[in-house]
Amino acid sequence: MEQKELLMIVNPCSGKGKMKTELLKVVQVFSDADYLVSVYTTRARGDATAYISNVPQGKYDCIVVCGGDGTLNEVITGMRQFGIDCKLGYIPSGTLNEWSSGLKISRNFVQAAKDIVDGQEITLDIGQFGDRYFSYTASFGAFTAASYSAPQNVKNVLGQAAYFFEGIKSLGSIKPIPLSFECDGKRIDGEFIFGAVTNSFSVGGVVHFKESLVKLNDGEFEVLLIRKPDNILKLQPIVDGILKKDFDRPGIEFFHTKAITVLNGADVSWTLDGEYAPGAERVEIKNIPSGLHLIVPNESDEKTAVTQ
């Protein structure tokens, strides 16, 4: 019988660096499941994508990411750009890990590894942003910078609350961004203080969606846009709507779409799964249906994804 091979891509600095002391236990779980395990530790931002570029097609039965949302994004980007088609497992070790929490992936490293061995394979949509990719969100504006502006030591102490405070703090001071959006034969113009094109239950640790509004494999994004309020008094109802997941408020636009084009955004800073991405005069954001084969725990909510 041919030996199954598994590649682990590990970010040793992710979160509080706990994976450094748990790595051998995780490798043991995969070895006990008869996998021949290879481990690569990342050294810098973008390193995971670069490493994936040299992975031979068909070599590994499964690639497992041990890191935060940014490391996961780099691996998914590499797999898409270089045609690596295999199952993906995720052991979240970052501060936020909001995408994985919606899929009921354990924060316990050993348990997450066991769930990869024994779990179910599902398909999920992913997004394409120009020539880059994202697993759960492309966003700009008020809450976007929170993912990379909150200092790592603050994230370690406050956890998810660090993102919340950074995001809310930026709302009142964010410079409005004049943009245009085209989708489904419509055009939306205006000045915006926040925007997100998502396939997730939350964005930046601050914005949360009702689960009934989100399906992770329906071929559509959820799009949330917040317009610049006319005066500071109109900001409070917007903040209240965000906290209460009530997007039927003046100044808030929420809709579903398969693709959206962003115009006049050359000076806009975006984040893709928490990683910085520059804007452009024209950016096409497309949903790639069932673009990812992910292994999740058997008890994951099957309403969010399709079992293969």
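Scroll up to find the structure.
Residues numbered from 1 in each chain as written. Predicted model: local features only at pLDDT ≥ 70, side-chain atom pairs only at ≥ 80, totals over all residues. Heavy atoms only, no water.

Student: I would appreciate a short explanation of the packing of helix α1 (residues 19-32) against helix α5 (residues 109-118) in the present structure.
Tutor: If you want to describe how two helices pack, look at the angle between their axes and the distance between the axes. Where α1 meets α5, the axes come as close as 9 Å, and the angle between the chain directions of the two elements is 25°. Between α1 and α5, the interaxial angle falls into the category roughly parallel. For the pair α1 and α5, the crossing hand works out as right-handed. Of the residues in α5, those touching α1 at Met 19, Glu 22, Lys 25, Val 26, Val 29 and Phe 30 are Phe 109, Val 110, Ala 113, Lys 114, Ile 116 and Val 117. (Axes fitted to C-alpha atoms, helices over the stretch in contact; angles between N-to-C directions. Helix = DSSP H or I, 4+ residues; strand = E, 2+ residues; numbered from the N terminus. Parallel < 35°, antiparallel > 145°, perpendicular 65-115°, else oblique. Left-handed = near helix turned anticlockwise from the far one by under 90°. Contact = heavy atoms within 4.5 Å.)

Student: Mind showing me how you'd approach the side chain of Asn 199 here?
Tutor: With respect to the helices and strands, Asn 199 occurs in the loop between β9 (186-198) and β10 (202-203). One polar contact links the side chain of Asn 199 to the main-chain carbonyl oxygen of Asp 125, over a distance of 3.2 Å. Polar contacts involving the side chain of Asn 199 include one to the main-chain carbonyl oxygen of Leu 216, which spans 3.2 Å. (Polar contact = N/O pair within 3.5 Å; in protein donor to acceptor, adjacent residues only side chain to side chain.)

Student: It is not clear to me how the environment of Ile 188 should be interpreted in this structure. Could you clarify?
Tutor: Examined against the element boundaries, Ile 188 turns out to sit in strand β9. Sequence-wise, Ile 188 and Leu 225 are 37 residues apart; in three dimensions their C-alpha atoms are separated by 10.0 Å.

Student: For this particular structure, what's the right way to read the packing of aromatic side chains?
Tutor: Here a ring pair, both rings aromatic, is described through the centre-centre distance and the interplanar angle of the planes. Applying the stated criterion across every chain yields a total of 10 aromatic pairs. With a centroid separation of 5.1 Å and an interplanar angle of 65°, the aromatic rings of Phe 140 and Trp 270 are classed as edge-to-face. One end of the pair, Phe 140, is in strand β7 (residues 137-141); the other, Trp 270, is in strand β15 (residues 269-272), and 130 residues separate them in sequence. Put simply, the rings of Phe 129, Phe 140, Phe 181, Phe 192 and Trp 270 pair up and form one aromatic cluster. If you follow Lys 4 out to its NZ or CZ, it ends over the ring of Tyr 35, 4.3 Å from the centre. In this structure, Lys 59 is placed above the aromatic ring of Tyr 60, and the distance from its NZ or CZ to the ring centre is 5.3 Å. (Phe/Tyr/Trp six-rings, centres within 6.5 Å; stacked < 30°, edge-to-face > 60°. Lys NZ or Arg CZ within 6 Å of the ring centre and 35° of its normal.)

Student: Got a minute to help me understand unusual backbone geometry in this structure?
Tutor: The phi angle at Lys 104 is positive, at roughly 65°, despite the residue not being glycine. You can see Lys 104 is positioned in the loop between α4 (98-101) and α5. On the basis of relative accessibility, which here comes to 40%, the residue Lys 104 falls in the partly exposed class. Although it is not a glycine, Lys 245 adopts a positive phi angle of roughly 60°. What makes Lys 245 partly exposed here is its relative accessible area of 34%. (Buried < 20%, exposed > 50% of the residue type's maximum accessible area, 1.4 Å probe, protein only.)

Student: Explanation requested: helix α9 (residues 235-243) in the structure shown.
Tutor: Because the α-helix completes a turn every 3.6 residues, residues three or four places apart line up on one side. Leu 235, Ile 238, Val 239, Gly 241 and Ile 242 are the residues of α9 that are buried. Projected onto a plane normal to the axis of α9, the buried residues spread over an arc of 160° and lie on a single side. Just downstream of α9, Lys 245 is the residue with a positive phi angle, here 60°. (Arc of directions from axis to C-beta.)

Student: Explanation requested: the nonpolar core in the structure shown.
Tutor: What tends to happen in soluble globular proteins is that the nonpolar side chains get buried as a cluster. In this structure, Ile 63, Val 75, Leu 88, Trp 99, Leu 103 and Leu 294 are the most contacted members of the largest nonpolar core, which totals 46 residues. Other than its neighbours up to four places away in sequence, Ile 63 contacts Leu 7, Ile 9, Ile 52, Val 75, Met 79, Ile 84, Cys 86, Lys 87, Leu 88 and Gly 89. Core analysis: the second largest hydrophobic core is formed by 23 residues, Ile 177, Val 262, Leu 272 and Val 283 among them. (Core = buried A, V, L, I, M, F, W, Y, C linked by side-chain atoms within 4.5 Å.)

Student: Honestly, the pairing of strand β4 (residues 87-92) in this entry has me stumped. Any pointers?
Tutor: With 5 of its 6 residues buried, β4 lies for the most part within the structure. As paired strands, strand β3 (residues 62-67) and β4 are joined by 6 bridges and run parallel to one another. Each residue of the ladder has a partner; that of Ile 63, found in β4, is Leu 88. (Pairing = 2+ DSSP bridges.)

Student: Would you explain the side chain of Asn 287 in this entry?
Tutor: Topologically, Asn 287 is positioned in strand β17 (residues 282-296). A residue is classified by how much of its surface remains accessible, and Asn 287, at 10% relative accessible area, is buried. Apart from residues lying up to four places away in sequence, Asn 287 is in contact with Asp 125, Ile 126, Gly 219, Glu 220, Phe 221 and Lys 258.

Student: In this structure, what is going on with the pairing of β9? I would like to understand it.
Tutor: Within a regular strand, side chains alternate between the sheet's two faces. As judged from the 5 bridges shared by β7 and β9, these two strands associate in the antiparallel manner. Bridging across to β9, Thr 137 finds its partner in Thr 198. As consecutive antiparallel partners, strand β8 (residues 177-183) and β9 are separated by 2 residues, and within that stretch Asp 184 has a phi angle of approximately 50°, a positive value. Here β9 pairs with strand β12 (residues 221-227) via 6 bridges, running antiparallel. Counterpart to Phe 192 in the pairing with β12 is Arg 227.

Shape is all these values report; function is a separate question.
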